[in-house]
Amino acid sequence: MNIDVINLGPMDNCTYLVSEGTDALLIDPAWDMNFLEHTLAEKKLNLLAVLFTHGHFDHVKFAQELLEKHHLKAYIEKKDVVLCGIDPHMLAAYEGAQNLHIGPFEVEIIPTPGHTAGGVCIKIGNAVFTGDTLFPGACGRVDLPSSDPRQMRKSLLKLSQLPEDTQIFAGHSYGGKCSSTIGYERIKNPFMRNAIRDKDSL
Ligand SMILES: [Zn+2]
């Protein structure tokens, strides 16, 4: 499995192009569909699915164009459909934990509410795409509509229980860094550390 990190837009968003042979998935495609189309064509990849970690505009902006062109629906958690502003007919909304079989990809959807009510992390093999739930050394904002700080602590605790060599890929490259490992975050991320410390009272 190959993972391309594509930085797009004015907010340091990270779109991920995950490929296996000629099959590809896009996670949080936003901002520059021309660039994404060009990248798919250049790499001779066939786009099988689009998945969103959550419905905030900076993770979905202009993605409807891509969906229409490829005749695809995007996977998104039901509670974030209203946030994303995309025509609901273009969305494959689901609820809760899921295992999706998409071409050669085994995709595990891990619900991680807190930043938004329908926020999820997307695990494929040893990689987990954490959206705005977990960043290297930090976590997403919990002061937005549909945020919930207590749910965020529970979600961080859930992520801390993944194998320590799991690679994380976050939704923004704040400070130039978008990836890390669960093992590193368990030790260095103060928000994850607090969630682990307080686990009995969550
Ligand atoms: Zn967000």
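As the structure is a prediction and not an experimental result, all values here were calculated from the model.

Scoring rules and cut-offs
Residues numbered from 1 in each chain as written. Predicted model: local features only at pLDDT ≥ 70, side-chain atom pairs only at ≥ 80, totals over all residues. Heavy atoms only, no water. Pairing = 2+ DSSP bridges. Helix = DSSP H or I, 4+ residues; strand = E, 2+ residues; numbered from the N terminus. Axes fitted to C-alpha atoms, helices over the stretch in contact; angles between N-to-C directions. Polar contact = N/O pair within 3.5 Å; in protein donor to acceptor, adjacent residues only side chain to side chain. Contact = heavy atoms within 4.5 Å.

Asks: Explain the sheet that holds strand β7 (residues 98–102) here, please?
Replies: In any sheet, the strands associate via hydrogen bonds between backbone groups, in a parallel or an antiparallel arrangement. Strand order in the open sheet made by the six strands is β7-β8-β9-β10-β13-β14, with mixed pairing throughout. Only two strands of the sheet have a single partner each, and these edge strands are β7 and β14 (179–181). Here the strands of the sheet are splayed against their neighbours by 25° on average, with no regard to which way each runs. By the bridge criterion, four bridges tie strand β10 (residues 127–131) to strand β13 (residues 167–170) in an arrangement that is parallel. In the strand pairing of β13, F129 is matched with F169.

Asks: Hey, could you run me through the side chain of T116 in this one?
Replies: Here T116 shows up in the loop between β8 (105–111) and β9 (120–124). Only 2.7 Å separates the side chain of T116 from the side chain of D80, close enough to count as a polar contact. Non-local contacts of T116, meaning those with residues more than four positions away in its chain, are made with H54, H56, D80, L83 and S146.

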